[in-house]
Each structure stands twice: as C-alpha cells, then as structure tokens.
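# Secondary and tertiary structure notes
Chain by chain, the residues run as shown.
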Amino acid sequence: MNSALPLAPILLPFGVGLLCLLPLRRPLKAGLALTGTVLMFLLSLLLVNATADGSVLVSELGGWKAPFGIVMTADRLSAYMSALASLSGVFALWFMLAAEDRVREKHHAFALTMFLFTGVQLSFLTGDLFNLFVAFEVMLVASYALAVLGSTREQLREGFRYIVMNLAASSLLVAACGLTYGTLGTLNFAHLAQRSLELGPRTTVTALAVLLMTVFASKGALFPLGFWLPGTYPALPHASSAFFAAILTKVGVYALIRVLTTVFQADSALPQIFLLGLGAATMLFGALGALSQREWRRILSFTVMGSVGYLAFGVGLGTPDALRAALVYVAVSVLVTLALFLIAAVAERAGGTPLTRHRRGFVDRMPLLAGSYLLCALTVSGLPPTAGFVAKYALVRAGIAQGSPLAIIAVVCALLASLITLFALLSVWRDFFWGKADKTMPLHPVPAGQQTPAYVASGLVAGLSLFAGPLFTHAEATTRELRDQRHYIRSVLGEGPVVIPPDPQGKELMKDKGGTP
Amino acid sequence: MNSLFALIIGVLVGTGVFLLLSRSIVRVVIGLAFIAYGINLTILTVAGLSQASPPLLSSPGPYVDPLPQALILTAIVIGFATTALILTVALRAYQVAGHDDVEAFGDNLARTVDSDLERADPEHQSPDQPDWEDDTLAGGRSL
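Bear in mind the structure is a predicted one, so any value in this text is a computation, not a measurement.

## Some points on the overall build of chain A
- Within chain A, the secondary structure is distributed over 22 helices and 2 strands.
- Computed over the C-alpha atoms, the radius of gyration of chain A is 23 Å, within 12% of the 24 Å expected from 2.2 N^0.38 for a compact globule of 517 residues.
- With the C-alpha coordinates of chain A rotated into their principal frame, the extents come out at 90 × 60 × 40 Å.
- Taking all 517 residues of chain A together, the buried fraction comes to 65%.
- Contacts in chain A between residues at least 24 apart in sequence constitute 82% of all its contacts with a sequence separation of at least 6.
- Within the structure as shown, chain A displays about 17600 Å² of accessible surface, and the carbon and sulfur contribution to it stands at 69%.
- Measuring between centres, the 37 positive side-chain charges of chain A sit 8 Å from its 25 negative side-chain charges.

Structure, rendered in structure tokens:
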C-alpha cells in the first residue's frame, strides 16, 4: 500500500534538527526539540495503527518503483521498533531538558540528538540494504559526535575506541552490500527475498547471511564484538547514555531479525546457530561483567549487553515461539534499560559519585527511587511479578521446545546469567539503598524535574506486566507476518513479476540528439 | 583483470588492517582509509568489470551497470565525513592526552591511568567533566 506515512517519523526529526542548528535561545530550542520528539512519537503510533491490520506501507522516493528506486517500508516489526525508539527519545529528551548542560547545548547537543533520532528511524523504516548502511552511518555519525561532545578525557578515550570499531564494522557492511549486489543483483529487501526464495538454500547466499550477521552482531554488541559498549556508555552524559543504551543495540537486533527472517529465510540456519552460540556467551559475559563493576552505569552497561544476548538467543532459536518471545523481550528490555539509566542518573547526582559503594541508606532518603530501582532490577533479572519474567519464561520455554543440544546449553546459560544478574543488581541495592543512612554523607538535592522521568519510565515498566497479553498478541501477529515472505514481497513489489529492462544500447538517445554523440 | 583487482584489494585491505592494529592514532585513521579504498574496489569488482563500457548515458552504448558506481560514490562521501570526524577526535585526543599513542590511553575499565597529566597543548585544555563542574548551578536552575 502506498503511503507517505513511513517517511514522516524520519523527516520530522531531521527538519527539527536543522532548525535546532539555528542560533536560537535555549527555551525556544528546547521547546522545538520537545515538540518534534513528541510529534515523532505520535507519528510512530500512527504507523503502528496503520500496520496493525497486516498491511505493509511503502513510500517510493522520487516515484521510482520498488526494486529500482529507494523505498521506505513499514510493516508491523518496523512500526513497533519505531514506536519504541520514539518513546525512548521522548524520555531522553525530557531528561536532557531537565538537566541543563550549557557546555554541550552550546555545541548543538539538541540538533545532534535529533539527527540521531533521524538515523534510528531511518534504519527501522528503510526497505533497502544499502540504505540501511546509510541509515547506520547517519545514526553513528550523530552518536560519535554525541559520544565525544564535551571532550572529557574519558569520553575521548572511549569515543575513539567506539568510532574505530564502528567504522571497521561499517566497511564490512559496505563490502557485504557489494557482494550481495554482485550475487543477487539487487539490494531491495523484498527483491532480495524473492530471489533467494527462487534460488532456494545456496551456500553463497548463506555466506552473505553470515557476513551480514557478523556486521549486525558487532552493531548489537554481541560477545566478542561488543567490547566497546561497557566503556563507552558510562562516559556519555546521562540523557544520551539512556537513549544509546535503550535503542542503539536494538537497531542491530532489528537488522538481524529483518535479514534472517524476511530476507534470507531459506539460508538462515547457519547464521542462527552462530547467533545462538554468541547469544549464550553474551548472556554470561554481560552478567559476569555486571558483577565485576562498582559504578552505576558500568554495571548497567553490562546488563545491556546481557539483554542483547537474550535477544540473540531468541532470534537464533529460529522457531516462531522463540521469535515471538524475543519481540516481547525487545519492548521489556528497551523500557527497563531506559528506566534504569534514568534512575542511575538521579542516584549518581544524589550520591555525588558514580560509585555504588560507600553510600548507604538511600531507601530512607529517596524511597520512591529505591522502589523504582527494585522493580527494574527484578524486571532485568526476570523475577515473577514483572514483565521481564513473562518474556524470559517464554524465551526459555521456546529454547526447551526447540531442544537441540546447543539450545539446551543456551537455556542453561540464560538461567545462570539471570541468577548472576540478580546477584549483581541486588548487591547494588545492598550497597546503595539498604542500611542506615550515614548522616555525615551529604545528600545532594536532585530537582524534582530530573527525578520525574525516571519514575514515569519505571511506571511504564510496571505497566508492561499488566499489558503482557496484548503485547504477546501483537508479537504473535508480527511473527506470522515475518515468516510469510510472500506477503512482504507482494506488498512492496506489486502483484506482477519484476521485469528488468534490457540494457540500453544508446540508440534512443542518439535519435533525440540527431545522431551526433 | 579480476585477479589483478583481487590482488590489489587484498593488498589494500591487508595494509589497512596492519595499520589499524598499530598504536599511533594517525596510522589507525590511515588504515581505515585504506580499508575503505579496498572495499570500494570490491564493489566495483563484484558488479562486473568491463573495459569497453562507461557508465555514461551521453555516449553510445553498451553501458556498464551504473548502480555500483552510485554505491561507491555514496560510500566515498560517507567515508570523507567519518574520516574528517575521526581526525577531529584524534586531534582533540592528542591535545588532551598529550601524545597520540593509543595504548597510553589506558584501559578505562581498569581505571589506572592519570599518570600522563602533561598536556600537549596548554591552550586547548579539555574541560574535564563539564557535567559536574557547575553542578550546584545546574542543580538550582532546572526546568
């Protein structure tokens, strides 16, 4: 179905970002950015609504038909991810407005954030492999700039590592695009899907799928390729790190799901086995890493890695049940990461140090913060009353149902990792919140405006467990749609077969010009 | 011609990876540029090499497929931008750290560094931790 709607959440933050580059006063800029982000969220909700009946929205750029021009497509998965990204964007911007940082704002922190949103939305909504690379670059260039903006020593050190790692991964993505074009002769997702469907399982196409999986695994910070993540995120300012942690790794996971289910479905067995193994290793690495750290956001960064491991586990199992559980876990992970990073921002300011140790008794001083933290910690480690339990239970059940030896090992890793994560997060609770408050330790007052986003985000995490039912229904429908490649191909390419026009011989042109070259 | 290109790509990417693994920031940047050149040639090669056919519609055909050229152009433009950005970061890191040795950046997770306090460029010191420098001010003036 043709519609301009998939373009809207991309162009809106881009336009607002350009406006934010103008030398305006802060309240004006802030109002502009907030309005833009909230509108972007509403547009994403419209997208979710428009794709809820299973239709795939297609925007053709410049009026060029699908396999030849660049198209933006929005199906259930894209709209879902777009809405989650916009929601995190709203919270990140809210905190950014509440915690004024004039040094960075003078250097266009608002504009860069809006460009980051643009890149994220573009990568969720594009229907073309090379355009996905461009979207990644838009997103990453904005994130590089945000990562080093302010240029503290720590930021430069970690930012440099982050940039070099991602540039190398991007080169690999370009190479994968080139090889895909050389092998299958197209870059459009739907057309790629059609051709690989016609070819059936092929070793060359499987090799391409493995190559793409490697690239997206490094974007999504899976175990050996994600070494940059736990260092980079704590170096960032709080608002940026909340958005980075909640969304940027999920972009890699989205690309994995898209490529392994919609595009190269017939060739996805081998990359899925790799993913399952990497996922199992990442879960354990994330959990043990969280246990090894003593600072708020370092602990949380490792739990972010762990959650990507669970997602890779879900995608790697390859069964519809597992994919459904993974899709639910995406929502849980995005919201809980967002809430935890916002809580960490408040806690770091209130305690006056990023360390979790040597501060006691915050449960008396800030009971609401303690409650929110406990809820989020239980959600991350997946204990019963929370949505994290529902999603992890579904994942583990899907793993046992799949039943291959590797899947069973991964299930054991998942359970073990949950236990270790719980221990790591509870030791934060014990060090920071529990105990009798030390009256000699000063409590730095944190304005209510900076605390509210954390509480509202925690409220959303609590709400997730109430709305787990509808979430599962939606994930179920998404999974069905993802497994039905023909529906996607038909929606994007139309009913008729794609006719590649013959090579032009230049005769038509010569006629127009009267025969003179 | 394909084998020649394969050889050139191999040499370029190999050189790039070798440079990427070195400790000097500038060599890392040059290494990334080498890899990018190798990748661009890869796209050109896998899409099919042919000497007789330009991708130009204004001269008589046959033509070569223009899409890989468009892809390479896009990749080059993005490569320029990212190279400029990483050079800026490298320069800033040099000003702040006082040397362009990646290893001396230290491992942040271990937090052992702070011995290299001498700055290369005292004119451009970094506002280390601008988040906290005016904490009381920012705290008092929230929305």
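## Regarding the overall build of chain B
- Each helix and strand counted, chain B has 5 helices and 0 strands in total.
- Element order for chain B, N to C, with α for helix and β for strand: α-α-α-α-α.
- Taken over 143 residues, chain B has a buried fraction of 32%.
- Accessible surface, chain B: about 8200 Å² in total, of which carbon and sulfur atoms supply 65%.

## Quick word on the side chain of Q272 of chain A
- Locating Q272 of chain A in the fold gives a position in helix 12 (residues 269-292).
- Among all residues touching Q272 of chain A, those that are not within four sequence positions of it are L260, V315, G316 and G318 of chain A.

## A word on the confidence of the model for chain B
Residues and elements named next belong to chain B.
- When pLDDT is averaged along chain B, the result is 73; 60% of the residues meet or exceed 70.
- The secondary structure element of chain B with the lowest average pLDDT is helix 4 (residues 130-133), at 37, and the one with the highest is helix 1 (residues 2-20), at 93.
- In this model residues 109-121 is a low-confidence stretch, pLDDT under 50, and it forms 28 contacts with partners more than four residues away in sequence or in other chains.
- Scored as a whole, the predicted complex attains pTM 0.89, and scored at its interfaces, ipTM 0.82.

## Things to note about the UniProt feature "transmembrane region" (unreviewed entry) in chain B
- UniProt's entry tags residues 6-22, 29-50 and 70-91 of chain B with the feature "transmembrane region" (unreviewed entry), counted in the numbering of this structure.
- Helix makes up 100% of residues 70-91 of chain B and strand 0%, and the two end C-alpha atoms of the span are 32 Å apart.

## So, helix 17 (residues 387-402) of chain A
Residues and elements named next belong to chain A.
- Given a rise of 1.5 Å per residue, 16 residues ought to cover 22 Å, and the 23 Å separating the end C-alpha atoms of helix 17 matches this to within 8%.
- Within helix 17, the full set of buried residues consists of A387, G388, A391, K392, A394, L395, V396, A398 and G399.
- Buried residues belonging to helix 17 abut helix 13 (296-317), helix 14 (320-351), helix 16 (367-381), helix 18 (405-433), helix 19 (448-466) and helix 20 (468-483).
- Positioned one or two residues after helix 17, G403 has a phi angle of 80°, which is positive.

## What to know about unusual backbone geometry
Residues and elements named next belong to chain A.
- The phi angle at H108 is positive, at roughly 65°, despite the residue not being glycine.
- Of note, H108 is situated in the loop between helix 4 (102-106) and helix 5 (109-125).
- Residue class for H108 comes out partly exposed when judged on its relative accessible area of 29%.
- For A221, which is not glycine, the phi dihedral falls at a positive 65°.
- Mapping A221 onto the fold places it in the loop between helix 9 (203-219) and helix 10 (229-235).

## As for the pairing of strand 2 (residues 71-74) of chain A
Residue and element names in this part refer to chain A.
- Both faces of strand 2 are covered, namely the face carrying V71 and T73 and the face carrying M72 and A74.
- Here strand 1 (residues 57-60) pairs with strand 2 via 4 bridges, running antiparallel. Bridging from a neighbouring strand, V58 pairs with T73 of strand 2.

## Observations regarding the packing of helix 5 of chain A against helix 11 (residues 238-263) of chain A
Residue and element names in this part refer to chain A.
- Running from N to C, helix 5 and helix 11 point in directions that differ by 25°, and their axes come no closer than 10 Å. The orientation of helix 5 relative to helix 11 falls into the category roughly parallel. Where helix 5 crosses over helix 11, the two elements pack in a sense that is left-handed. Residues L116, F117, V120, S123 and F124 of helix 5 lie in contact with helix 11, whose contacting residues are F243, F244, I247, L248, K250, V251 and Y254.

## Details of the environment of V138 of chain A
All names here are of chain A.
- As for its placement among the helices and strands, V138 is situated in helix 6 (residues 129-148).
- For V138, a relative accessible area of 32% corresponds to the partly exposed category.
- Considering only alpha carbons, one finds V138 and E154, 16 residues apart in sequence, at a separation of 24 Å.
- Setting aside residues up to four positions removed in sequence, V138 forms contacts with F115 and G119.

## Points about the nonpolar core
Residues and elements named next belong to chain A.
- Counting residues in hydrophobic clusters, the biggest one holds 209 residues, and the most contacted among them are V120, F216, Y373, F433 and V492.
- In terms of residues, this core owes the most to one element, helix 14, which gives 24 residues.
- If sequence neighbours within four positions are ignored, F216 has contacts with L132, F136, L173, G252, A255, L256 and V259.

## Quick look at the pattern of salt bridges
All names here are of chain A.
- Under the defined criterion, the tally for this structure stands at 11 salt bridges over all chains.
- The salt bridge involving E295 is made with R298; its shortest N-O contact spans 3.2 Å. For the pair E295 and R298, a shared accessibility class is recorded, and that class is buried.
- Through salt bridges with shared partners, a single network forms among R26, E100, R102 and E105.

## Here's the deal with the environment of R23 of chain B
- Secondary-structure assignment places R23 of chain B in the loop between helix 1 and helix 2 (25-46).
- Separated by 77 residues in sequence, R23 of chain B and D100 of chain B have C-alpha atoms that sit 8.1 Å apart.

## Details of the packing of helix 11 of chain A against helix 14 of chain A
Residue and element names in this part refer to chain A.
- Orientation of helix 11 relative to helix 14, taken along the N-to-C sense of each, is 165°, at an axis distance of 8 Å. Considering the angle they form, helix 11 stands roughly antiparallel to helix 14. Judged by the sense of rotation from one axis to the other, the crossing of helix 11 with helix 14 is right-handed. Within the contact between the two elements, helix 11 uses H238, S241, A242, A245, A246, I247, K250, I257 and T261 and helix 14 uses L323, L327, V330, S333, V334, T337, L338, F341, L342, A345, E348 and R349.

Conventions used here
- Residues numbered from 1 in each chain as written.
- Chains lettered and ligands numbered in written order.
- Predicted model: local features only at pLDDT ≥ 70, side-chain atom pairs only at ≥ 80, totals over all residues.
- Heavy atoms only, no water.
- Helix = DSSP H or I, 4+ residues; strand = E, 2+ residues; numbered from the N terminus.
- Rg over C-alpha atoms; globule rule 2.2 N^0.38 Å.
- Buried < 20%, exposed > 50% of the residue type's maximum accessible area, 1.4 Å probe, protein only.
- Contact = heavy atoms within 4.5 Å.
- Areas by Shrake-Rupley, 256 points an atom, 1.4 Å probe, with all protein chains shown as cover.
- Lys, Arg positive; Asp, Glu negative; His and termini not counted.
- Charge placed at Lys NZ, Arg CZ, Asp CG, Glu CD.
- pLDDT = per-residue confidence, 0-100.
- UniProt positions renumbered as here; feature names shortened; annotations may be inferred.
- Expected span 1.5 Å × (residues − 1).
- Pairing = 2+ DSSP bridges.
- Axes fitted to C-alpha atoms, helices over the stretch in contact; angles between N-to-C directions.
- Parallel < 35°, antiparallel > 145°, perpendicular 65-115°, else oblique.
- Left-handed = near helix turned anticlockwise from the far one by under 90°.
- Core = buried A, V, L, I, M, F, W, Y, C linked by side-chain atoms within 4.5 Å.
- Salt bridge = Lys/Arg side-chain N within 4 Å of Asp/Glu carboxyl O.

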